[in-house]
Amino acid sequence: MVFSDRYHRQRLVDGIGDQGQLAISNATVAIVGVGALGCMSASMLARAGVGHIILIDRDIVESTNLQRQVLFTEEDASTQEPKASAAAAHLAKVNSEIKITAHVEDLTSRNIHHLLEDVNVIVDGLDNFNTRYLLNDFAVKTNTPFMFSGVIASQGNVMTIIPGSTPCLRCLFPEPPPSGEQDTCDTVGVLAPAIGIAASCQCMDVIKFLTGNQEKISKTLLTFDLWNSESNRLGLGEPVENCTCCKELQFEFLTATTIEPTVLCGRLAVSLPCIENFDLQLTATKLKEHGTFECSETMIRGEFNEEESADGSAIKFLCFHNGRAIIHGTDDIKRAKAIFERYVGN
Ligand SMILES: [Zn+2]
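Residues numbered from 1 in each chain as written. Predicted model: local features only at pLDDT ≥ 70, side-chain atom pairs only at ≥ 80, totals over all residues.

Enquirer: Help me understand helix α2 (residues 17–25) in this model?
Expert: An α-helical segment advances 3.6 residues per turn. Residues three or four places apart therefore align on the same side. Those residues of α2 that fall on the buried side of the exposure criterion are G20, Q21 and I24. When α2 is viewed along its axis, its buried side chains cluster within an angular range of 100° and face the same direction. Set apart from the buried face of α2 by more than 90 degrees, the exposed residues are D18 and Q19. Those residues of α2 that are buried lie in contact with α1 (8–11), α3 (36–48) and α10 (192–210). (Buried ≥ 20, exposed ≤ 12 C-beta atoms within 10 Å, placed from the backbone. Helix = DSSP H or I, 4+ residues; strand = E, 2+ residues; numbered from the N terminus. Arc of directions from axis to C-beta. Contact = placed C-beta atoms within 7 Å.)

Encoded structure:
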């Protein structure tokens, strides 16, 4: 394979060369969560020439994303584009030689095997722990490298998980933190430069892994606080002897059968899971009796006449072809479910 000049500076780097570039171009990398981390990773990996990039995100672009989510524009926010498809459209203009697949989906135990089939590396761009633990289960079970990262305010954690070689997420943190107890981007904010450091570390390890330089991947947990100019690498050693996931091979997140509604991180919004036998057009017709709604082939969006959020603004509703819905204007899961049942049915 002869490469165009676009990868010349990358191929020049010791450890990459033509062979490394060929490996990168033959690889499939999934980026799960296309928010701040996911946007930066997707941009770097598309420019590096990863042959197939899979983008998975359940949310839409909002104006508060633009401060750090580098692939999105004001137009994406005003038209409320789904993040996965908006990112894919921008990346296609950056590199037309690669394949980009966008899934506007909530990654769950039901669809993960389908969405992440034949993926070589998984990059964490998530904002919630439950999906991270699901990915950790999947990564260990399928022996797929998983680039874990989490960033909040000016602080970040980054750890590359190579199943069979390094500890997994549950070796370090056996259970996800109780929801509601963690700081989030909503409560303490987040600064884009901290995202940049974390995404760069993740992508560097993706490139090392794909090009056969696995020995260069550090077996450490990197923690940093850019605001206070602090960083540390904690040596990880071997996987924990009684780890539920990578030693006992109990994949409880992967085998969970109920998909629960979730409050979206950093937002006054609830995501409700998809439902069976959902009819988008029929639902649109029903909804139009209760507010202002528009329906495309893939989604319905609009607002209700008679449902208000705490500040008096209308409750907004967004629903995809599979019945997955996002209710904006409340973080009360019971109320979100009730609204869905009242106007859409179940
Ligand atoms: Zn483990």
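Enquirer: It is not clear to me how the pairing of strand β12 (residues 299–308) should be interpreted in this structure. Could you clarify?
Expert: Strand residues, when the strand is regular, have side chains that alternate between the two faces of the sheet. Bridge analysis of strand β11 (residues 291–295) against β12 gives five bridges, and the strand direction is antiparallel. For F293, the partnering residue across the bridge sits in β12 and is G302. With antiparallel pairing between neighbouring strands as the criterion, β11 and β12 make up a hairpin whose turn holds three residues. Here β12 runs beside strand β13 (residues 314–320); their pairing, made up of six bridges, is antiparallel. Counterpart to E308 in the pairing with β13 is A314. Between the end of β12 and the start of β13, which pair antiparallel, lie five residues, with G312 showing a positive phi angle near 90°. (Pairing = 2+ DSSP bridges.)

Enquirer: Whenever I open this one, the nonpolar core confuses me. Can you help?
Expert: One recurring pattern in soluble globular proteins: nonpolar side chains tend to sit buried together. In this structure, V29, A42, L55, I122 and I327 are the most contacted members of the largest nonpolar core, which totals 93 residues. If one sorts the elements of this core by residue count, α10 sits on top with nine residues. Setting aside anything within four residues of it in sequence, one finds V29 in contact with L45, V50, I53, V119, N120, V121, V123 and V206. (Core = buried A, V, L, I, M, F, W, Y, C linked by C-beta atoms within 7 Å.)

Enquirer: Sorry if this is basic, but what is going on with the environment of N26 here?
Expert: Structurally, N26 can be placed in the loop between α2 and β1 (28–32). Placed 40 residues apart in sequence, N26 and L66 show a C-alpha to C-alpha distance of 32 Å.

Enquirer: I'm lost on the domain arrangement of the protein in this one. Help?
Expert: Segmenting the protein into domains produces domain 1 (5–235) and domain 2 (268–343). With centres defined by C-alpha atoms, the gap from domain 1 to domain 2 works out at 30 Å. In this assembly, five residues from domain 1 lie in contact with six residues from domain 2. Class assignment for the residues of the side of domain 1 that touches domain 2 results in two nonpolar, one polar and two charged. (Domains from an automatic or database assignment. Nonpolar A, V, L, I, M, F, W, Y, C, P; charged D, E, K, R; others polar.)

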